[in-house]
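Working through the structure, step by step
So the chains spell out like this:
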Amino acid sequence: MPEVLSAPLIVEFPFTRSTGPVIGAFLTGLRERVVLGIRGSAGRVLCPPAEYDPVTAEELTELVALPGTGTVTTWAWNARPRPYQPLTTPFAWVLVRLDGADTALLHALDAPPPGSGDPRAVRTGLRVTVRWAGQRSGAITDIACFEPIPEEA
Amino acid sequence: MSSSPDPQHTRRADAGRDVASRDVAVVAFAQTSHRRSTDQLSEVELVLPVLHDVLKQTGLTTDRIGFTCSGSSDYLAGRAFSFTMTLDGVGAWPPISESHVEMDGAWALYEAWVKLRTGQADTALVYSYGKSSPGSVRDVLTRQLDPYTLAPLWPDSVALAALQTQALIDAGITDERALAAIAVRSRRAAEGNPHAQLRGSADVNELLAEPYEVRPLRRHDCPPISDGAAAVILAVGDTARALHPRPAWIRGIDHRIEAHQPGVRDLTESPSTRLAAVRAGAFDAPLDTVELHAPFTGQEVILRRALDLDDAVEVNPSGGPLAANPVMAAGLIRIGEAAARIHRGESRWALAHATSGPCLQQNLVAVMEGDQ
Amino acid sequence: MDTADLLATVPALAGAEPVTRVTLPARLDYIHTPGAAQSRFLNALAEKRFLAERCPKCTRVYIPPKGVCPTCGLATTERLELPHVGTITTFCIVNIAARGLDVEVPYCYAYVLLDGAHVSLHARIGDIPHDQVHVGQRVQPVWNEQKLGPSLAGISHFRPTGEPDADPESYRRWM
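Nothing here was measured: the structure is a model prediction, and the numbers come from that model. (Residues numbered from 1 in each chain as written. Chains lettered and ligands numbered in written order. Predicted model: local features only at pLDDT ≥ 70, side-chain atom pairs only at ≥ 80, totals over all residues. Heavy atoms only, no water.)

1. Description of the confidence of the model for chain C
In this model, chain C carries an average pLDDT of 96, and 100% of its residues clear a pLDDT of 70 or more. As a predicted assembly, this complex carries a pTM of 0.94 together with an ipTM value of 0.97. (pLDDT = per-residue confidence, 0-100.)

2. Focus: the interface of chain A and chain C
Bring the parts together and some accessible area is lost; that lost area is often taken as the interface size. Contact residues are listed per partner, giving 36 residues for chain A and 32 residues for chain C. Both faces combined, the contact of chain A with chain C buries some 2,700 Å², and carbon together with sulfur accounts for 65% of it. It is A:Leu5, A:Leu9 and A:Pro21 that lose the most area in chain A upon contact with chain C, and together they represent 20% of the buried surface on that side. Summed over the shared surface of chain A and chain C, the number is ten residue pairs in polar contact (both at pLDDT 80 or more). Mapped by element, the contributors of at least two residues to the side of chain A that touches chain C are strand 1 (7-12), strand 2 (15-18), helix 1 (20-31) and strand 5 (63-66) of chain A. If one sorts the elements of the side of chain A that touches chain C by residue count, helix 1 of chain A sits on top with nine residues. Among the residues forming the side of chain A that touches chain C, the class breakdown is 21 nonpolar, eleven polar and four charged. (Contact = heavy atoms within 4.5 Å. Buried area = accessible area lost by both parts, 1.4 Å probe. Polar contact = N/O pair within 3.5 Å; in protein donor to acceptor, adjacent residues only side chain to side chain. Helix = DSSP H or I, 4+ residues; strand = E, 2+ residues; numbered from the N terminus. Nonpolar A, V, L, I, M, F, W, Y, C, P; charged D, E, K, R; others polar.)

3. Brief notes about the layout of surface pockets
A volume near 1,100 Å³ is recorded for the largest pocket. For the largest pocket, the lining is made up of 45 residues, of which B:Val137, B:Leu141, B:Ser157, B:Asn325 and B:Val327 are closest to its centre. The set of elements that each furnish at least two residues to the lining of the largest pocket consists of helix 2 (74-77), helix 4 (137-140), helix 5 (157-170) and strand 11 (349-356) of chain B. At four residues, the largest contribution of residues to the lining of the largest pocket is made by helix 5 of chain B. Of the residues contributing to the lining of the largest pocket, the split by class is 22 nonpolar, 14 polar and nine charged. When its volume is computed, the second largest pocket comes out at roughly 880 Å³. Around the second largest pocket, the lining comprises 23 residues; the ones closest to its centre are C:Tyr109, C:His122, C:Leu152, C:Ala153 and C:Ile155. Where the lining of the second largest pocket is concerned, the elements lending two or more residues are helix 2 (36-46), strand 9 (107-114), strand 10 (121-125) and strand 12 (155-160) of chain C. Considered class by class, the residues forming the lining of the second largest pocket number 13 nonpolar, seven polar and three charged. (1 Å grid on protein atoms, 1.4 Å probe; cavity = no way out; pocket = protein on both sides within 12 Å on 5 of 7 lines; lining within 4 Å. Points joined across faces, edges and corners; volume = space filled by probe spheres on them.)

4. Re the interface of chain B and chain A
With 35 residues of chain B at the interface, the matching set in chain A holds 35 residues. Between chain B and chain A lies a buried interface of about 2,900 Å² when both sides are counted; carbon and sulfur atoms form 65% of it. Area buried by chain B at its contact with chain A is led by B:Tyr148, B:Leu153 and B:Leu163, which between them contribute 26% of it. The interface formed by chain B and chain A includes two salt bridges. Between B:Asp139 and A:Arg82 there is a salt bridge; the shortest N-O distance is 2.9 Å. Where chain B touches chain A, the interface holds ten residue pairs in polar contact (both at pLDDT 80 or more). Broken down by secondary-structure element, the contributors of at least two residues to the side of chain B that touches chain A are helix 4, helix 5 and strand 5 (212-214) of chain B. (Salt bridge = Lys/Arg side-chain N within 4 Å of Asp/Glu carboxyl O.)

5. Quick look at the pattern of salt bridges
Tallied over the full model, the rule gives 37 salt bridges over all chains. Residue B:Glu314 is joined to B:Arg341 by a salt bridge in which the shortest nitrogen-to-oxygen separation is 3.4 Å. Of this pair, B:Glu314 sits in strand 10 (residues 314-315) while B:Arg341 sits in helix 11 (residues 330-343), and the two are 27 residues apart along the sequence. Since its relative accessible area comes to 39%, B:Glu314 is described here as partly exposed. C:Arg54 serves as the salt-bridge partner of C:Glu78, at 2.9 Å between the closest nitrogen and oxygen. Taken together, the residues C:Glu78 in strand 7 (residues 78-82) and C:Arg54 in strand 3 (residues 50-54) connect sequence positions 24 residues apart. By sharing partners, the salt bridges in this structure join A:Arg80, B:Arg138, B:Asp156 and B:Glu213 into a single network. (Buried < 20%, exposed > 50% of the residue type's maximum accessible area, 1.4 Å probe, protein only.)

See below:
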């Protein structure tokens, strides 16, 4: 029985995508260290912003500048990061509802693991803030990750 | 497309209810024995025996098939348009009426159902396959995510399911022990399924002693990585009756999709499944069997709640995707497994569900009935 | 509203240069396995053999074989070896080298119908001025001894045999 032939197959695509006005504005904001949300049909603020309201499909244009702080709404502890993920050391995937927003943004959280006993360990409800990337170009990765903020007194 | 061809039957304006004369039934189903890797076979070599199986079951030849539709994803192979090679297995000369969806075969079946309902064909061959082995399927699936806000972070399929599962735990809807019990039940049920990849399971306590994969998920909460293929033949009315003594009539079928961004949705619920189920008539049917396309244990919890399933109904007697998960075929296999139970007289009313996209974003529900 | 218009509504971003495009590189690594029929074909090439397969129903002969007859949808279980000679059924002269392709332009690319086959191989035609290449020309493979292995790279090119042209009846149905 001849051995199975195999060969490496690498697919690489450096797509350059146009962003349109809403995503373009959002990414511009990230480059300038400003997180933008957008006001939806029922008045709730979406972050990340959407071009069209997810419920009514109405075209949205009212941008809202948000602080870089927020609350973790769910998390998942990633002990073994995979290639290209935001951090190479263990981290938590999180959905973060930025203060002033009504929806959550997905990103990474650099915090101690759950069950570690550390008050800054990841948990639903943890207060977090953006850690900006040193070099920013207008991409979601301009947010390097989130990190816990000290509990307010 | 959801418009009933017969205006008399619009008591409910949904198209899922099959009460018109062009009743569509599943008359044949076949699948491979799913395994981690089939590197000695090309895609068409993997699919061919399954195609021949359903044709042999019905005595049909491909020239008598009115419409062929397949579901697969070239991203699993890493080769654009590679799906066209599998058409060699169908014998597409003289030219055939054919379509393809870059989705699970359950949606290929839906397209075929539409063709049959609208009178464009009387028989359809639906097939799907997925060889996950060439690449890293967890990472490949990140390419289906929003290219601006999600894909650049490479949140793999296990990570996304973990976020969803933690939300369930936070809401008090489930816990790790209950999730492990789902894994145990599924893989022990798969002991009766010769096609399943993972058959049998350790006890809940042993499973809970294992390390997390992406917390709160452990390996047992996740589906196996599988290579596999499946095929179904659909037929209409008297043609169906001639092809099988007990056709599995599709009484309703519908699919719905939610917003893409996980942060916009309530990840603990599946309104699209519920709506598709309403449209398919699932809540009026005395279901005895349900096949759910829940690759992750927490997703079975969500789907059960969306479908109001109690313990009286048997869920995933095949073992479900936790026992074999050939991506792109796993949803079609749910329909096929449910139909096969009807064929064998083991079920009278069955529901099959298929999902697509991150965290149950898109869902299809089919309700099938076998004659007395 | 364009991006700049939207940004103008946010005081903190007044005057910021708008982002209108984003480049997001992505890479996926795979291990490709060609399957049973193609593996047999590739392994035979390492030995300078042309392995084809025949359909049990329509008797058409396919090379490279795929294990299946695309006309009949049946497994092509019969294997046969083809001679090292064929006929040009079409050709073109290429003036642009595709990125990553190690070839000198212009080059001649052709379909070569090996004797006994019903599907042509793709191949470069060499050892002849391009304006003398024509349909019906008889050609034979020139092997690249350094690149012999389970790969079509083991064939450098095809060159004319010098024989008279093939009878059009022998190839016109397979063009």
